[in-house]
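Residue strings, one per chain:
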Amino acid sequence: LAGAAALPSVLAPRQPVTNVYQGVVVVDDYQWLEDATAPAVREWTRLENERTRGYFAQLPFRAGIAQQLAQLRGEESARYSGLVERKGRIFALRFKPPAQQPVLVRLSSLAAPALWRTVFDPNAYNTNGTTAIDWFVPSPDGRVVAVCLSEGGSEQGTLHFFEVDSGRKLADEIPRVQCPTGGGSAAWTADGGGVLYTRYPHRGERPEADLDFYQQVWLHRLGAPLSEDQYALGKDFPRIAEIALDESYDGQWILAAVANGDGGDFAHYLREVTGEWRQVTRFEDGIKDVKFGRDGTLYLLSRKDAPRGKVLRLPLAVVVGQASRLPAG
């Protein structure tokens, strides 16, 4: 402070301006400084900056502080997203520059400081930085994880499988589980030996213009060839259907939420552990979202006759007794 006081001051002349606010007269001597573009203000600011820089230049510890601040600003904290827990194992996507893509990791805890360990690093898998993780789904026991990967921002996803403890990549690869038109998803069977996944038509199955539409659900068993994958659901869905799969907490049920394109209408289907599907809601029912509860129920968000929404509770036992069955698949 003594050093700053020794530097010559930059005078700001008084230029009184009178204002009246709610009948109160206020005289402001320095209102002219509010116009930052005025030549006089720009000159006063320049002189003040020179005075400030002159003071800082004399500080013996300035260089050390500047270096530390530059280091702190350059070290961006890691960001975590998409947290999923399976049997006490916590998974997340971890992103920290200069890495090009988020990394799939396993966390030791949600409490800081938590240890993290890499499960799959797309930056090492493809050093060009063009391989992206679209989404991932751990198995019920958390020992294997299904990861959808796409290249070069295409969002054309292929499903891969990795052992969590070793990071070893399994031989199974399922193409065309995701397209940019409608996304993609997957859900594990209760025994952890199979995966239900969204499947887009392969070449030769439909005209070229329809290859990114007509999404269906198929079943793959780990270790089996793709030729043995089985159709499960979706042959009667609209061309623009977008399917999102989810598992119940006990793994006994799988929910397929089917969007009729982007219009905001949804139908919902439940798969029992036996492989039978039951339709729970239809597009015209006004149900916008369905979630599994931990108490053997479904919770539904309805907009029908409820502009602000209402939450409905549907026990799964009622679903078994009343919902219409579809052929097993």
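See the structure above.
Residues numbered from 1 in each chain as written. Predicted model: local features only at pLDDT ≥ 70, side-chain atom pairs only at ≥ 80, totals over all residues. Heavy atoms only, no water.

**Here we look at the overall build of the protein**
- For the protein, the helix and strand inventory stands at 5 helices and 22 strands.
- A globule of 329 residues ought to have a C-alpha radius of gyration of about 20 Å, yet the protein, at 30 Å, is considerably larger.
- Seen through its C-alpha atoms, the protein measures out along the principal axes to roughly 90 × 55 × 45 Å.
- Looking at the protein residue by residue over its 329 residues, the buried ones come to 38%.
- Long-range pairs, those at least 24 residues apart, make up 36% of the contacts in the protein with a sequence separation of at least 6.
- On the protein, roughly 18900 Å² of surface is accessible, and the fraction owed to carbon and sulfur atoms is 53%. (Helix = DSSP H or I, 4+ residues; strand = E, 2+ residues; numbered from the N terminus. Rg over C-alpha atoms; globule rule 2.2 N^0.38 Å. Buried < 20%, exposed > 50% of the residue type's maximum accessible area, 1.4 Å probe, protein only. Contact = heavy atoms within 4.5 Å. Areas by Shrake-Rupley, 256 points an atom, 1.4 Å probe, with all protein chains shown as cover.)

**Digging into the pattern of salt bridges**
- Scanning all chains against the criterion turns up 17 salt bridges.
- Of the charged contacts in the structure, one is a salt bridge between E247 and R86, with a shortest N-O distance of 3.6 Å. With E247 in strand β15 (residues 241–247) and R86 in strand β3 (residues 79–86), the pair connects residues that are 161 residues apart, well separated along the chain.
- The buried category is assigned to E247, whose relative accessible area is 13%.
- Across the pair D210 and R239 runs a salt bridge whose closest N-O atoms are separated by 2.8 Å. On the criterion of sequence distance, the pair formed by D210 in the loop between β12 (194–199) and β13 (216–221) and R239 in the loop between β14 (230–233) and β15 is long-range, its members being 29 residues apart.
- If you follow the salt bridges from partner to partner, you end up with R89, R106, R143 and D165 in one network. (Salt bridge = Lys/Arg side-chain N within 4 Å of Asp/Glu carboxyl O.)

**Details of unusual backbone geometry**
- Cis geometry marks the peptide bond from P97 to P98, where omega comes out at 10°.
- One non-glycine residue with positive phi stands out, namely K87, at about 50°.

**Regarding the environment of S108**
- Take S108: it is sitting in the loop between β5 (103–107) and β6 (116–120).
- With 17 residues separating them along the chain, S108 and F91 place their C-alpha atoms 9.2 Å apart.

**Re the sheet that holds β3**
- Read across the sheet, 4 strands follow the order β3-β4-β5-β6 without closing on themselves; strand pairing throughout is antiparallel. Every interior strand has two partners, whereas the edge strands, β3 and β6, have only one. Here the strands of the sheet are splayed against their neighbours by 35° on average, with no regard to which way each runs.
- Pairing geometry for strand β4 (residues 89–95) and β5, over 5 bridges, is antiparallel. Looking at the pairing, A92 lines up with V105 of β5. (Pairing = 2+ DSSP bridges. Axes fitted to C-alpha atoms, helices over the stretch in contact; angles between N-to-C directions.)

**Overview of the nonpolar core**
- Within the largest apolar cluster, 16 residues are counted, with the highest numbers of intra-cluster contacts made by L196, V217, L233, L245, Y269 and W277.
- When residues of this core are traced back to their parent elements, those giving at least two are β13, β14, β15, β16 (254–260) and β17 (266–271).
- Apart from residues lying up to four places away in sequence, L245 is in contact with S185, A186, A187, L196, Y197, T198, V217, I254, L255 and A256.
- Core analysis: the second largest hydrophobic core is formed by 15 residues, V144, A146, C148 and V195 among them. (Core = buried A, V, L, I, M, F, W, Y, C linked by side-chain atoms within 4.5 Å.)

**A short note on the environment of K310**
- With respect to the element layout, K310 can be found in strand β21 (residues 310–315).
- Assessed through its relative accessible area of 35%, K310 is described here as partly exposed.
- As for K310 and A232, which are separated by 78 residues in sequence, their C-alpha atoms are 31 Å apart.

**Let's talk about the packing of aromatic side chains**
- Scanning the entire structure with this criterion turns up 6 aromatic pairs.
- Here the aromatic rings of Y55 and F56 are separated by 5.5 Å at their centres, their planes lie at 50°, and the arrangement is tilted.
- Since its relative accessible area comes to 38%, F56 is described here as partly exposed.
- Note on F161 and W188: the rings are 5.9 Å apart at their centroids and 85° apart in plane angle, and the pair reads as edge-to-face. With F161 in strand β9 (residues 157–163) and W188 in strand β11 (residues 186–188), the pair connects residues that are 27 residues apart, well separated along the chain. Accessibility classification places F161 together with W188 in one group, the buried group.
- An aromatic cluster is present here, built from F120, Y125 and F162 joined pairwise through their rings. (Phe/Tyr/Trp six-rings, centres within 6.5 Å; stacked < 30°, edge-to-face > 60°.)

**Describing the pairing of strand β8 (residues 144–151)**
- Counting buried positions along β8 yields 7 of 8 residues, so the element is predominantly enclosed.
- Where strand β7 (residues 131–138) meets β8, 7 bridges bridge the pair, whose relative direction is antiparallel. Within the sheet, the bridge partner assigned to A132 lies in β8 and is S150.
- Between β7 and β8, which pair antiparallel one after the other, the connecting turn spans 5 residues, and G142 there sits at a positive phi close to 75°.
- The sheet contact formed by β8 and β9 spans 6 bridges and is antiparallel. Bridge pairing links V145 to F162 in β9.
- In sequence, β8 turns back onto β9 through a hairpin of 5 residues, with G152 there showing a positive phi of about 60°.

So far we have only geometry, and geometry alone does not tell us how the molecule works.
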